[in-house]
Amino acid sequence: MSKIYLPRKLKICFVVWFFPKLSETFVLNQIIELKRQGHQITIFAVYNPAYKLASEDRELETKIHEEILLYRLKWNTFYRTPHTMYSLLKKNRKKFDVVYIQFGDLAARILQYGNINLPTFVVFHNLKDITKKLHYREQRRLYKDLFNREVRILTVSEIMKQK
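Not measured: the values here are computed from a predicted model. (Residues numbered from 1 in each chain as written. Predicted model: local features only at pLDDT ≥ 70, side-chain atom pairs only at ≥ 80, totals over all residues. Heavy atoms only, no water.)

Scanning the chain for helices and strands turns up 9 helices and 6 strands. Relative to its full complement of 163 residues, the chain shows a buried share of 41%. For the chain, long-range pairs separated by at least 24 residues make up 75% of all intrachain contacts whose partners lie at least 6 apart in sequence. For the chain, the computed accessible surface area is about 9800 Å², with 52% contributed by carbon and sulfur atoms. (Helix = DSSP H or I, 4+ residues; strand = E, 2+ residues; numbered from the N terminus. Buried < 20%, exposed > 50% of the residue type's maximum accessible area, 1.4 Å probe, protein only. Contact = heavy atoms within 4.5 Å. Areas by Shrake-Rupley, 256 points an atom, 1.4 Å probe, with all protein chains shown as cover.)

Listed as buried for helix H5 (residues 82-91) are Pro82, Met85, Tyr86 and Leu89. Along the axis of H5, the buried residues cluster in a sector spanning 100°; they form a single face. Lining the buried residues of H5 we find strand S1 (11-18), strand S2 (40-47), strand S4 (98-102) and helix H6 (104-111). (Arc of directions from axis to C-beta.)

Let us now look at the sheet that holds S2. One open sheet holds the 6 strands; their spatial order is S3-S2-S1-S4-S5-S6, and the pairing between them is parallel. For this open sheet the edge positions go to strand S3 (77-79) and strand S6 (152-155), each flanked by a neighbour on one side alone. Across the sheet, the axes of successive neighbouring strands diverge by a mean angle of 20°, strand direction being ignored. Where S1 and S2 come together, 7 bridges link them in parallel fashion. Residue pairing for S2: isoleucine 12 is matched across the bridge by isoleucine 41. Against the sheet, H6 engages S1, S2, S4 and strand S5 (120-124), with an angle of about 110° to S1. (Pairing = 2+ DSSP bridges. Axes fitted to C-alpha atoms, helices over the stretch in contact; angles between N-to-C directions.)

Now for unusual backbone geometry. In this structure, the amide linkage connecting phenylalanine 19 to the following residue, proline 20, adopts the cis form with an omega of -10°. Inspection of the secondary structure puts proline 20 in the loop between S1 and helix H1 (25-36). Of note, asparagine 117 is a non-glycine position whose phi angle comes to about 55°, a positive value.

Counting buried positions along S1 gives 7 out of 8 residues, so the element sits mostly inside the fold. At this point the chain moves from S1, through H1, to the parallel S2, and the crossover so formed is right-handed. Looking at chain direction, S1 and S4 are connected through 4 bridges and run parallel. The residue bridging phenylalanine 14 from the neighbouring strand is tyrosine 100, located in S4. (Right-handed = clockwise from strand over helix to strand, strands pointing away.)

For the pair H6 and helix H8 (residues 137-147), interaxial distance at closest approach is 9 Å and the crossing angle is 80°. It follows that H6 is roughly perpendicular to H8 by the angle criterion. Residues Gly104, Asp105, Ala107, Ala108, Arg109 and Leu111 of H6 pack against Glu138, Gln139, Leu142, Tyr143, Asp145 and Leu146 of H8. When the residues that make up the contact of H6 with H8 are grouped by side-chain class, the tally is 6 nonpolar, 2 polar and 4 charged. (Parallel < 35°, antiparallel > 145°, perpendicular 65-115°, else oblique. Nonpolar A, V, L, I, M, F, W, Y, C, P; charged D, E, K, R; others polar.)

Shape descriptors only; they carry no functional weight alone.
Right under this line is the structure:
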């Protein structure tokens with residue numbers, strides 16, 4: 001994993017669908033590296049995998065990476081709906097320097113309510129992030145709205161970068 005060094009310590013709100021999710025180690029790795037560099041991380045998640053997944057997956061999600069305990073990440077994780085996340089970010093924007101949303105569809109759901117007036121980064125992981133739902137009129141509207149907002153779009157692949 002390449003390291004990114006930021007010039008000053010930031011208060012970062014990390015937003016994901018699930019946390020902690022065993023299969024999404026890339027999320028955990030990013031959070032841990034930022035914590036190691038001294039940044040303050042708050043995690044907003046829509047779902048806790050220990051409760052929301054299918055029963056066979058829930059058992060897997062009872063296993064916890066030791067870093068989650070070491071960095072006390074569960075104590076800095078808040079489970080909210082996208083609408084509540086938007087309201088909290090808008091209302092408490094002085095508590096954060098940056099909002100970092102993992103997954104374009106989640107960003108579209110949160111930001112459909114308006115701008116949060118914070119530097120916001122949105123990560124699209126693959127083409128499916130966009131195309132799997134674009135045949136739904138509502139999803140097309142949400143993405144169009146997202147791309148018209150003041151957000152920084154980050155792509156994880158060359159194919160996504162071209163779209």
